[in-house]
Amino acid sequence: MRVGSSWRWHLSRAMRLALRWCRLCRPRRGGRGAGTKPWSSGALWELWSYGQLLLKSLYFNVQNNSDTLLDCVFEPVYWIVDNVTHWFGVVFVALVILLTGSVLVIVYMCLLPVVLTTYPVYWIIWHLCCGHWLLVMVVFHYYKATTTSPGHPPKDKTDIPSVSICKKCIVPKPARTHHCSICNICILKMDHHCPWLNNCVGHFNHRYFFCFCLYMTLGCIYCSVSCREMFLDAYNAVEFYRGVEPPAAGDPVTEAGVIVTSLMHSHNISGQSYYQTVPPPFTFREKTAHKSIIFLWVLTSSVAVALGGLTLWHAVLIMRGETSVERHINRKETRRLKEKGKVFRNPYHHGRKNNWKVLFGVEKTSHWVTRVLLPSSHLPNGDGILWDCAYTRRDPMAI
């Protein structure tokens, strides 16, 4: 049978089975069952059994199990995630830029003038240096993380060291390489696909991603701690002018509202008038500044908690010499070998300190300053295809 006509064969087979099912539904005429009811219990059971056989004949496979059925049910969800997440990435990147820009505007418009006019000189120097250093590090690493390719295995070479063949790309897959269903390509040392970067995190931008998370967390903590007193003052001010503002027209006035309104409107000026409108306790600009400071503190505190947890998790993975994908693979492999009485050792774990050196590309002591504490565009160690495996180390466990 030709492959192009296989669908016609399946269609004709389904039609024949459906026709057979319809014939069973028709009442029997003549013969022994002519005087009985057309829908006896035996006929219904036969019809039900044949219906089950009909359905099983269309989808039955000896390899079917609950996992296969679950994958089939969630296949539309997987398709939506793979095809929509890529477009949502543009929205997420725009959201990061918008929120970061709003924080900068509030800092320069509301906080920095207060620092320059009321703080001692040494605190002014500290805030100017620390704040702008964190700003430069955040902007630099976010730009590099979003624009740097994570790295892909070469498609024109077939002699590269590989551990398997990608079923979707049909190319050799080196060690630590995995296929990203959103980018639809294999990624060297893939960690995960980050929608906030609209990019995969892999071999060539892993350092940029982690440094962005680290410095963004430090920047949010710095803003949250520095403006805490301003936040409390702004919050108290907002609560104050919410309580003393006169009710709008049509709003119900309680006894407390009558007292507040009377106090605001019945003050005596030179004994001539008892009902003159007093100036508001805060101007519109001051109210806007108060609400902006509250927004800044809530945003930076929330991001510091959420992103701080993510940063700590990736720090643990880095100390173990793993990626997010390898974490799940190594856990399964650990359980499998434990059942056999063996111990799993991660071949890419070189010790905690050495793992940090490999990630940051630190080769000498001065690199901790020039490559970690300052912006640096140096390439990571290796090409992402060949890896230095540490099978001869002395530590008993890798994870």
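Figured I'd write up the structure that's included with this text.

What counts and what doesn't
Residues numbered from 1 in each chain as written. Predicted model: local features only at pLDDT ≥ 70, side-chain atom pairs only at ≥ 80, totals over all residues. Heavy atoms only, no water. Helix = DSSP H or I, 4+ residues; strand = E, 2+ residues; numbered from the N terminus. Buried < 20%, exposed > 50% of the residue type's maximum accessible area, 1.4 Å probe, protein only. Contact = heavy atoms within 4.5 Å. Phe/Tyr/Trp six-rings, centres within 6.5 Å; stacked < 30°, edge-to-face > 60°. Lys NZ or Arg CZ within 6 Å of the ring centre and 35° of its normal. Axes fitted to C-alpha atoms, helices over the stretch in contact; angles between N-to-C directions. Parallel < 35°, antiparallel > 145°, perpendicular 65-115°, else oblique. Nonpolar A, V, L, I, M, F, W, Y, C, P; charged D, E, K, R; others polar. Salt bridge = Lys/Arg side-chain N within 4 Å of Asp/Glu carboxyl O. Expected span 1.5 Å × (residues − 1). Core = buried A, V, L, I, M, F, W, Y, C linked by side-chain atoms within 4.5 Å. Left-handed = near helix turned anticlockwise from the far one by under 90°. Patch = residues over 30% accessible without salt bridge, like charges linked within 9 Å, V, L, I, M, F, W, Y side chains within 5 Å. Areas by Shrake-Rupley, 256 points an atom, 1.4 Å probe, with all protein chains shown as cover.

Counting its secondary structure elements, the protein contains 12 helices and 6 strands. Residues counted as buried form 34% of the 399 residues belonging to the protein. Within the protein, residue pairs in contact and separated by at least 24 positions form 64% of the contacts whose partners lie at least 6 positions apart.

Once that is clear, we can look at the packing of aromatic side chains. Given two aromatic rings, one states the distance between the centres and the angle between the planes to describe the pair. Considering all chains together, one arrives at 13 aromatic pairs under this definition. Ring centres of phenylalanine 210 and tryptophan 356 lie 5.5 Å apart, and the angle between their planes is 50 degrees; this geometry places the pair in the tilted category. Here phenylalanine 210 is found in helix 6 (residues 206–226), whereas its partner tryptophan 356 is found in helix 11 (residues 352–360), with 146 residues between them in sequence. There is no split in this pair, since phenylalanine 210 and tryptophan 356 are both buried. By the ring-pair criterion, three or more aromatic residues cluster together here, those being Phe210, Trp356, Phe360 and Trp368. Directly above the ring of tyrosine 348 sits arginine 176, whose terminal nitrogen or CZ lies 4.3 Å from the centroid.

So, about the packing of helix 6 against helix 11. One way to put it is that helix 6 packs onto helix 11 with a least axis distance of 9 Å and a crossing angle of 105 degrees. Taken together, the axes of helix 6 and helix 11 lie roughly perpendicular to each other. Within the contact between the two elements, helix 6 uses His206, Arg207, Phe210 and Cys211 and helix 11 uses Trp356, Leu359 and Phe360. Looking at the contact of helix 6 with helix 11 residue by residue, the class counts come to 5 nonpolar, 1 polar and 1 charged.

Considering all chains together, one arrives at 4 salt bridges under this definition. Between arginine 336 and glutamate 333 there is a salt bridge, and its shortest N-O distance comes to 2.4 Å. Remark: glutamate 333 and arginine 336 occur in helix 10 (residues 324–339); sequence separation between them is 3 residues, near one turn of the helix. Take arginine 336: its relative accessible area is 38%, and that puts it in the partly exposed class.

A word on helix 9 (residues 284–320). Every α-helix carries 3.6 residues per turn, so stepping three or four residues along brings you back to the same face. Taking 1.5 Å as the rise per residue, helix 9 with 37 residues should run 54 Å; its terminal C-alpha atoms sit 54 Å apart, in good agreement. One or two steps after helix 9, the chain reaches glycine 321, where phi turns positive at roughly 70 degrees.

Here the focus is the nonpolar core. Across soluble globular proteins, you tend to see nonpolar side chains buried next to one another. Formed by 32 residues in total, the largest nonpolar core has its most connected members in Leu197, Phe210, Tyr215, Trp356 and Phe360. For this core, the secondary-structure elements that each account for two or more residues are helix 4 (75–118), helix 5 (121–147), helix 6, helix 9 and helix 11. Element by element, the count of residues in this core is highest for helix 6, at 11 residues. The contact partners of leucine 197, leaving out residues within four places of it in the chain, are Val93, Tyr142, Ala145, Thr146 and Phe209. Judged by nonpolar contacts, the second largest core, of 16 residues, contains Ala234, Ala237, Leu296 and Leu299.

Bringing the side chain of histidine 290 into the picture now. Tracing the chain through its elements places histidine 290 in helix 9. If we ignore the near neighbours within four places in the chain, the residues touching histidine 290 are Ala234, Ala237, Val238, Tyr241 and Phe282.

Attention shifts here to the packing of helix 5 against helix 6. Where helix 5 meets helix 6, the closest approach of the two axes is 8 Å, and the angle between their N-to-C directions is 150 degrees. By the angle between their axes, helix 5 is roughly antiparallel relative to helix 6. Both helix 5 and helix 6 take part in a crossing whose hand is left-handed. Across the contact of helix 5 with helix 6, the residue classes tally to 17 nonpolar, 5 polar and 2 charged.

A surface patch of nonpolar side chains, amounting to about 510 Å² of accessible area, comprises Leu70, Val73, Phe74, Val77, Tyr78 and Val81. The leading source of residues in the nonpolar patch is helix 4, at 3 residues. Along the polypeptide, phenylalanine 74 turns up in the loop between helix 3 (66–73) and helix 4.

Positionally, serine 302 belongs in helix 9. The exposure class of serine 302 is partly exposed, given its relative accessible area of 43%. Sequence separation of serine 302 and serine 224 is 78 residues, and the distance between their C-alpha atoms is 9.4 Å.

Read these as spatial facts, not as claims about activity.
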